[in-house]
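Overview (structure and organization)
Residue strings, one per chain:
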Amino acid sequence: MNEGVQKNTLYVGGLAEEVNEHILHAAFIPFGDIKDVKTPLDHATQKHRSFGFVTFLEREDAAAAMDNMDGAELYGRVLTVNYALPERIKGGEHGWAAQPIWADADTWFERQQQEQEMQRLQAEQRAAMQAAEELHRKKMAEDRQGETEEADTNEDPMAKAEAEVLKQNAGA
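Residues numbered from 1 in each chain as written. Predicted model: local features only at pLDDT ≥ 70, side-chain atom pairs only at ≥ 80, totals over all residues. Heavy atoms only, no water.

The name an unreviewed UniProt entry assigns to the chain is Peptidyl-prolyl cis-trans isomerase E-like, from the organism Sesamum indicum.

This is the structure:
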């Protein structure tokens, strides 16, 4: 799950409108040497989109900054600080910008075949379970039928006598 996570680059969300790259740099410089600070702009408004990225030279510095700055307040806004994921592109199975779209085509086909095989096996298993349940129901019905027949033939002599007395009383 953590493959592709950039351990030196932090995502910083929840930035106030006044925060620019210089202010973001100043907020994170106490944790170590910073390689780069970016605040992507909204093309329509030419303002940042309330998040940015801070890249440290050392992983340990990024970890320390994340531990200390996640949940901290900057210009009246609470920050969310996590490790940044690589930029995604549309169309690819994994979509990582560092790979061409077709790079995962072979693994995609393999996964499709595996999924089809799993679905086939699951369908077979469901059919087998249904057959077993049906067989179990029939066996239980046969056992119940056998119990009632045995009860009729092996009736208790006292029950027979009571039944005869009831018949005689009903007839009289």
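This next bit is on the environment of Gly13. Here Gly13 lies in strand 1 (residues 6-13). On the basis of relative accessibility, which here comes to 2%, the residue Gly13 falls in the buried class. When the C-alpha atoms of Gly13 and Ser50 are compared, they prove to be 6.3 Å apart, with 37 residues separating the residues in sequence. Once you skip the residues sitting within four places of it in the chain, Gly13 turns out to touch Ser50, Phe51, Val78, Leu79 and Thr80. (Helix = DSSP H or I, 4+ residues; strand = E, 2+ residues; numbered from the N terminus. Buried < 20%, exposed > 50% of the residue type's maximum accessible area, 1.4 Å probe, protein only. Contact = heavy atoms within 4.5 Å.)

Let us now look at the nonpolar core. Phe28 and Phe56 are the most contacted members of the largest nonpolar core, which has 21 residues in total. At the level of elements, strand 1, helix 1 (21-28), strand 2 (34-38), strand 3 (51-56) and helix 2 (59-69) are the ones that each hand at least two residues to this core. Broken down by element, this core gets its largest block of residues, four residues, from helix 2. Apart from residues no more than four positions distant in its own chain, Phe56 is found in contact with Asn8, Leu10, Phe28, Phe31, Gly32, Asp33, Ile34, Lys35, Asp61, Ala62 and Ala65. (Core = buried A, V, L, I, M, F, W, Y, C linked by side-chain atoms within 4.5 Å.)

So, about the pattern of salt bridges. Going through the model one piece at a time under the given rule, you end up with seven salt bridges. One salt bridge connects Lys139 with Asp143, and the closest N-O pair in it is separated by 3.4 Å. Here Asp143 and Lys139 lie together in helix 3 (residues 105-153), a separation of four residues that amounts to about one turn. Assessed through its relative accessible area of 33%, Asp143 is described here as partly exposed. Through salt bridges with shared partners, a single ionic network connects Glu117, Arg120 and Glu124. (Salt bridge = Lys/Arg side-chain N within 4 Å of Asp/Glu carboxyl O.)

Before going further, it helps to spend a moment on the confidence of the model for the chain. Reading fine detail from the predicted coordinates is not recommended where pLDDT is low. Per-residue confidence for the chain averages 82 on the pLDDT scale, and 79% of its residues sit at or above 70. Per-residue pLDDT stays below 50 along residues 89-93; that stretch engages in 13 contacts with residues further than four places along the chain or on separate chains. (pLDDT = per-residue confidence, 0-100.)

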